[in-house]
Amino acid sequence: MATVHDVARDAGVSISTVSRSFDPRSKISPATRARVLAAAERLGYQPHPVARGLRTGRTHAVGLLVPDLENPFFAAITKAVQARARAEGYEMFVADSDEDPDVEPELIRALAARTDGLLVASPRAEAETLRDALTGVTAVLLNRELPADPATAAATTPVPEIPAVTLDDADGAAQVLGHLSSLGHRAVGVAAGPPASWSGARRVAGLHAAAGRWDVRLVELGEFRPHFAGGTQAADHALASGVTAVVVFNDLMALGVLDRLRQRGVDVPGEMSVVGYDDVALATLVTPALTTVRVPLDRLGRRAVDLLLARLSGTTPTSGARLPVELVIRGSAGPARGRARDQGRSRPTTEEERHD
């Protein structure tokens, strides 16, 4: 493996000149820098990120804070962020808050001390707490928006103080309700996630906004932990409510709903339709396969990294991005009770059958 001494000899410069050539802020002639970088490339030399950080004040690392690494949604985002960051020459540190908003400020401080910038995915903390924790930190939010502090920002401020990459949750909810309405469902249960989930609140708001348009009555079943066990509990609430379909906060919960309905002998989708959100890999490994909203997780992670690196390079973006989502129709959603029986008739009823 080539060393800094090898590069210095090949380029005909001192070791300190080699080190300064990798710092874009150093005052070194373009010709010398080009000669050193060419020698480094020829020899396959890469400066150690920690050593480079000591010279430049940069760690060449980014931090990622997620609520739950066991959730396939956040595991997929983590892989996407890591791949994109490494492709750009950055290492990554990850912290998991375990769905506890109270520990998020502490984790943000710990990550900020070790990295150049942070990606904060679906934080659960209240806006004021989150804003205070991110003060002075170069950060990008994923799946959460944080408007500028109204006490310091002009009333006409057009963009959030911290750029964010979000999903069009309202449109995803509208797609779900439109599909269920077309299947004849008029009473639909809503199994919400944790109350601190910003995206969850947007999904519920999207369902309510679309309910009148599709002539659907929504029945709020409650707020549940965003895990398999939360879905198990939500299934019992759905059965007690008399709805013919249930829209679930995420796929993990939806899998719990499917399992509980199976245990109770309820046919899906014949007696109850189930729709999830996220389209994690497990959604296709159950029977029936889960109808759900597909979220571009890889694109979400990559876009957030690009936005963060743009900020670190001094390019201050004026806004983030809102990514589209797509309903994926599979076997867990079907015609409402009664309508399924009607559609199962292969011929008109006879006179004898009408008398029966």
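Above this text sits the structure in question.
Residues numbered from 1 in each chain as written. Predicted model: local features only at pLDDT ≥ 70, side-chain atom pairs only at ≥ 80, totals over all residues. Heavy atoms only, no water.

## So, the sheet that holds strand 9 (residues 273-275)
Pairing between the strands of a sheet is mediated by backbone hydrogen bonds and can be parallel or antiparallel.
Here is step 1: The 4 strands lie next to each other as 7-6-8-9, forming an open sheet whose pairing is parallel. Edge positions in the sheet fall to strand 7 (217-223) and strand 9, since each of these pairs with one other strand and no more. Neighbouring strand axes in the sheet, compared pairwise and without regard to direction, differ in orientation by 20 degrees on average.
Here is step 2: Bridging between strand 6 (residues 187-192) and strand 8 (residues 245-248) involves 4 bridges; their strand directions are parallel. (Pairing = 2+ DSSP bridges. Helix = DSSP H or I, 4+ residues; strand = E, 2+ residues; numbered from the N terminus. Axes fitted to C-alpha atoms, helices over the stretch in contact; angles between N-to-C directions.)

## A closer look at the packing of helix 10 (residues 228-241) against helix 11 (residues 251-263)
Here is step 1: Orientation of helix 10 relative to helix 11, taken along the N-to-C sense of each, is 55 degrees, at an axis distance of 6 Å. The angle between helix 10 and helix 11 places the two elements in the oblique class. You can see that helix 10 and helix 11 cross each other, and the crossing is right-handed. Of helix 11, the residues touching helix 10 (which contributes Phe228, Gly230, Gly231, Thr232, Ala234, Ala235, Asp236 and Leu239) are Leu252, Met253, Leu255, Gly256, Val257, Asp259, Arg260 and Leu261. (Parallel < 35°, antiparallel > 145°, perpendicular 65-115°, else oblique. Left-handed = near helix turned anticlockwise from the far one by under 90°. Contact = heavy atoms within 4.5 Å.)

## Quick look at unusual backbone geometry
Here is step 1: The residue after valine 268, namely proline 269, is reached through a cis peptide bond having omega 10 degrees.
Here is step 2: Note that proline 269 resides in the loop between helix 11 and strand 9.
Here is step 3: Here threonine 287 and proline 288 are connected by a cis peptide whose omega angle stands at -5 degrees.
Here is step 4: Tracing the sequence through the fold places proline 288 in the loop between strand 9 and strand 10 (292-294).
Here is step 5: Backbone geometry places aspartate 98, a non-glycine residue, at a positive phi of 55 degrees.
Here is step 6: Take aspartate 98: it is sitting in the loop between strand 2 (91-96) and helix 6 (104-112).
Here is step 7: With relative accessibility at 53%, the residue aspartate 98 sits in the exposed group.
Here is step 8: At aspartate 215, a residue that is not glycine, the phi angle is positive and equals roughly 55 degrees. (Buried < 20%, exposed > 50% of the residue type's maximum accessible area, 1.4 Å probe, protein only.)

## Looking at the sheet that holds strand 3 (residues 117-121)
Here is step 1: Taken together, the 6 strands give an open sheet; going across it, the order is 2-1-3-4-5-11, and neighbouring strands pair in parallel fashion. Each edge of the open sheet is held by one strand with a lone partner, namely strand 2 and strand 11 (321-323). Mean inter-strand twist for the sheet, computed between neighbouring axes without regard to direction, equals 15 degrees.
Here is step 2: Across 4 bridges, the pairing between strand 1 (residues 61-66) and strand 3 is parallel. From the neighbouring strand, glycine 63 faces strand 3, where its bridge partner is leucine 118.

## Some words on helix 6
Here is step 1: Those residues of helix 6 not exposed but buried are Glu104, Pro105, Leu107, Ile108 and Leu111. Down the axis of helix 6, the buried side of the element spans an arc of 160 degrees, and every buried residue falls inside it. Residues of helix 6 that are exposed and angled more than 90 degrees away from the buried face: Glu106 and Arg109.
Here is step 2: As for helix 6, its buried residues are in contact with strand 1, strand 2, strand 3 and helix 7 (127-133). (Arc of directions from axis to C-beta.)

## Examining the packing of helix 1 (residues 4-11) against helix 3 (residues 30-43)
Here is step 1: At a minimum axis distance of 9 Å, the contact between helix 1 and helix 3 shows a crossing angle of 125 degrees. On the basis of the axis angle, helix 1 is oblique to helix 3. For the crossing formed where helix 1 meets helix 3, the hand is right-handed. Contacts between helix 1 and helix 3 pair Asp6, Val7, Asp10 and Ala11 from the former with Arg35, Val36, Ala39, Ala40, Arg42 and Leu43 from the latter.
Here is step 2: Classifying every residue of the contact of helix 1 with helix 3 gives 6 nonpolar, no polar and 4 charged. (Nonpolar A, V, L, I, M, F, W, Y, C, P; charged D, E, K, R; others polar.)

## Observations concerning the nonpolar core
Here is step 1: Residues Ile77, Leu119, Leu177, Leu180, Val188 and Leu218 are the most contacted members of the largest nonpolar core, which totals 50 residues.
Here is step 2: If one sorts the elements of this core by residue count, helix 12 (residues 297-312) sits on top with 8 residues.
Here is step 3: When we break this core down by domain, the ones giving at least three residues each are domain 1 (61-148 + 159-167 + 299-313) and domain 2 (169-295 + 326-339).
Here is step 4: Not counting residues within four places of it along the chain, the set of residues in contact with leucine 180 comprises His185, Val188, Ala245, Val247, Ser273, Val275 and Ala333.
Here is step 5: Listed in part, the 24 residues of the second largest apolar core include Ala187, Leu221, Ala234 and Leu261. (Core = buried A, V, L, I, M, F, W, Y, C linked by side-chain atoms within 4.5 Å. Domains from an automatic or database assignment.)

## Overview of the pairing of strand 2
Here is step 1: As paired elements, strand 1 and strand 2 share 6 bridges and run parallel to each other. The partner of valine 62 across the bridge, within strand 2, is methionine 92.
Here is step 2: Regarding the hand of the β-α-β motif, the stretch spanning strand 1, helix 5 (residues 72-87) and strand 2 is right-handed. (Right-handed = clockwise from strand over helix to strand, strands pointing away.)

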